[in-house]
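If you want the building blocks of each chain, they are given just below.
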Amino acid sequence: GAVVSQHPSWVICKSGTSVKIECRSLDFQATTMFWYRQFPKQSLMLMATSNEGSKATYEQGVEKDKFLINHASLTLSTLTVTSAHPEDSSFYICSARSAAANEKLFFGSGTQLSVL
Amino acid sequence: GQQVMQIPQYQHVQEGEDFTTYCNSSTTLSNIQWYKQRPGGHPVFLIQLVKSGEVKKQKRLTFQFGEAKKNSSLHITATQTTDVGTYFCAGSNAGGTSYGKLTFGQGTILTVHP
């Protein structure tokens, strides 16, 4: 099946710094990628939809200036958490939609962010 | 906005017992997908249901999509310890700009006691 690579797997950073998370579709082109946030034992909360070559669409309540999304190519989307604070600590996970697979989503392995 | 409710939140079973999780959407869905997430892992696609009343089977797993395309269920027969994990349903709205954007249910955490 299709593979989505996400890194880093985990990151610890100081409060006030920025962290970039990469999501790559390795063997297919993904015109659309999604970014989720997941708290322990909870569901995946969609943060934003990333479309190649255009601005991301953010869900209600998600600050676009804090969570910068760039989808510069058909295989790469990045999420940058700017000026991170402890409340941003969470599991961030991306998924890429394969047009050839009828909207099937392939998930990255996730990034555990801990902000000190 | 669209809401997808999933119950139960937790289910503890003895190995060999059956297990069912249910999903209910506030709106009609174009399709529903099911995912399994192992502890510490990421969601893995299990199946997609598209047709009204559709039933699909994967070995011990049976997936159903309601006639009104607003509810779905996943049933596991004779659970095994390898079935442990969180099962999520995820619905896609019928048509419109949100087509393809999935709304996840809260998930059901399944534990299986040997």
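Everything in this summary refers to the structure shown in the same document.

Calculation rules
Along each chain, the written sequence defines residue order, and numbers are assigned to residues from 1. Chain labels run from A onward and ligand labels from 1 onward, assigned in the order the entries are written. Selection of residues for local features in this predicted model requires a pLDDT of at least 70, selection of side-chain atom pairs for listing and counting requires 80 or more, and totals for whole chains, interfaces and linings are taken over all residues. Hydrogens and waters are ignored; side-chain quantities use all the structure's heavy atoms. Counting from the N terminus, the helices are the DSSP runs of H or I reaching at least four residues and the strands are the DSSP runs of E reaching at least two. Note on method: radius of gyration uses C-alpha positions; expected globular size equals 2.2 Å times residues raised to 0.38. Note on contacts: a residue pair qualifies if any of its non-hydrogen atoms lie within 4.5 Å across the two residues. Accessible surface is estimated by sampling points in the Shrake-Rupley manner with a 1.4 Å probe; for residues, cover comes only from the protein chains shown. This count recognises Lys and Arg as positive and Asp and Glu as negative, with His and chain-terminal groups excluded. One atom stands in for each charge, and that atom is NZ of Lys, CZ of Arg, CG of Asp or CD of Glu. Partly exposed residues are those whose accessible area sits between 20% and 50% of the maximum for their type, while under 20% is buried and over 50% is exposed, using a 1.4 Å probe and protein chains only. Patch membership is restricted to residues that have no salt bridge and whose relative accessible area is over 30%. Joining uses 9 Å for like charges and 5 Å for the nonpolar side chains Val, Leu, Ile, Met, Phe, Trp and Tyr. Any Lys or Arg side-chain nitrogen found within 4 Å of a carboxyl oxygen on Asp or Glu counts as a salt bridge. Note: buried area is the sum, over both parts, of the accessible area (probe 1.4 Å) each one loses when the two are combined. Pairs of N or O atoms within 3.5 Å make up the polar contacts considered here, provided that, within protein, one atom can donate a hydrogen while the other can accept it, and that residues adjacent in sequence are counted only when both atoms are side-chain atoms. We call Asp, Glu, Lys and Arg charged. Ala, Val, Leu, Ile, Met, Phe, Trp, Tyr, Cys and Pro are nonpolar, and the rest, Gly among them, are polar. Paired strands, as defined in this entry, are two strands with at least two bridges between them according to DSSP. Axis definition: a line fitted to C-alpha atoms, limited for helices to the stretch in contact. Angles are taken between N-to-C directions and run from 0 to 180 degrees.

**A look at the overall build of chain A**
Stage number 1. Helix and strand content of chain A: zero helices and eleven strands.
Stage number 2. Start at the N end of chain A and walk to the C end: the helices and strands fall as β-β-β-β-β-β-β-β-β-β-β.
Stage number 3. Rg of the C-alpha trace for chain A: 13 Å, near the compact-globule value of 13 Å for 116 residues, within the 12% margin.
Stage number 4. Projected onto its principal axes, the C-alpha positions of chain A cover 40 × 25 × 20 Å.
Stage number 5. Considering only contacts within chain A whose residues lie at least 6 apart along the sequence, 53% involve residues at least 24 apart.
Stage number 6. Roughly 5700 Å² of accessible area belongs to chain A as shown, and the carbon and sulfur atoms make up 53% of that amount.
Stage number 7. For chain A, the centre of its 10 positive side-chain charges and the centre of its 9 negative side-chain charges are spaced 3 Å apart.

**Some words on the overall build of chain B**
Stage number 1. In terms of regular secondary structure, chain B is built from zero helices and eleven strands.
Stage number 2. If you list the helices and strands of chain B from N to C, you get β-β-β-β-β-β-β-β-β-β-β.
Stage number 3. A compact globule built from 114 residues would reach a C-alpha radius of gyration of about 13 Å, and chain B, at 14 Å, matches this within 12%.
Stage number 4. Within chain B, the fraction of its 114 residues that count as buried is 48%.
Stage number 5. At a minimum sequence separation of 6, the contacts of chain B that also span at least 24 residues come to 55%.
Stage number 6. Accessible surface, chain B: about 5400 Å² in total, of which carbon and sulfur atoms supply 53%.
Stage number 7. Charged side chains of chain B number 10 positive and 6 negative; the gap between the two group centres comes to 11 Å.

**With respect to a nonpolar patch on the surface**
Residues and elements named next belong to chain A.
Stage number 1. A surface patch of nonpolar side chains, about 400 Å² in accessible area, is lined by Trp10, Ile12 and Leu116.
Stage number 2. Within the secondary structure layout, Trp10 lies in strand E2 (residues 10-13).
Stage number 3. Note on Trp10: relative accessible area 60%, which makes it exposed.

**Overview of the interface of chain B and chain A**
Stage number 1. Contacts between the two partners involve 19 residues from chain B, matched on the other side by 20 residues from chain A.
Stage number 2. Summed over both partners, the interface of chain B with chain A buries about 1500 Å², with 55% contributed by carbon and sulfur atoms.
Stage number 3. On the chain B side of the interface with chain A, the three residues burying the most area are His42, Lys101 and Phe104 of chain B, jointly 30% of the side's total.
Stage number 4. The interface formed by chain B and chain A contains zero salt bridges.
Stage number 5. The interface formed by chain B and chain A holds two residue pairs in polar contact (both at pLDDT 80 or more) in total.
Stage number 6. Here the side of chain B that touches chain A gets four residues from one element, more than from any other, and that element is strand E4 (residues 29-37) of chain B.
Stage number 7. Split into classes, the residues belonging to the side of chain B that touches chain A amount to eight nonpolar, ten polar and one charged.

**Structural notes on the sheet that holds strand E3 (residues 19-25) of chain A**
All names here are of chain A.
Stage number 1. The four strands are arranged E1-E3-E8-E7 in an open sheet whose pairing can be described as antiparallel. Two strands in the sheet have a free side with no partner beyond their single neighbour: strand E1 (4-7) and strand E7 (67-73). Each strand axis lies, on average, 15° off the axis of its neighbour in the sheet, ignoring direction.
Stage number 2. Two strands pair when backbone bridges link them, and E3 and strand E8 (residues 76-81) are joined in this way by six bridges, in the antiparallel orientation. From the neighbouring strand, Arg24 faces E8, where its bridge partner is Leu76.

**Describing the sheet that holds strand E6 (residues 55-58) of chain B**
Residue and element names in this part refer to chain B.
Stage number 1. Reading across the sheet, the five strands line up as E1-E3-E8-E7-E6 and stay open at both edges, with antiparallel pairing between neighbours. Looking at the sheet topology across the chains shown, the edges are occupied by strand E1 (4-7) and E6. Neighbour-to-neighbour, the strand axes of the sheet open up by a mean angle of 15°, direction not taken into account.
Stage number 2. Here E1 pairs with strand E3 (residues 19-25) via four bridges, running antiparallel. Within the sheet, the bridge partner assigned to Ile7 lies in E3 and is Tyr22.

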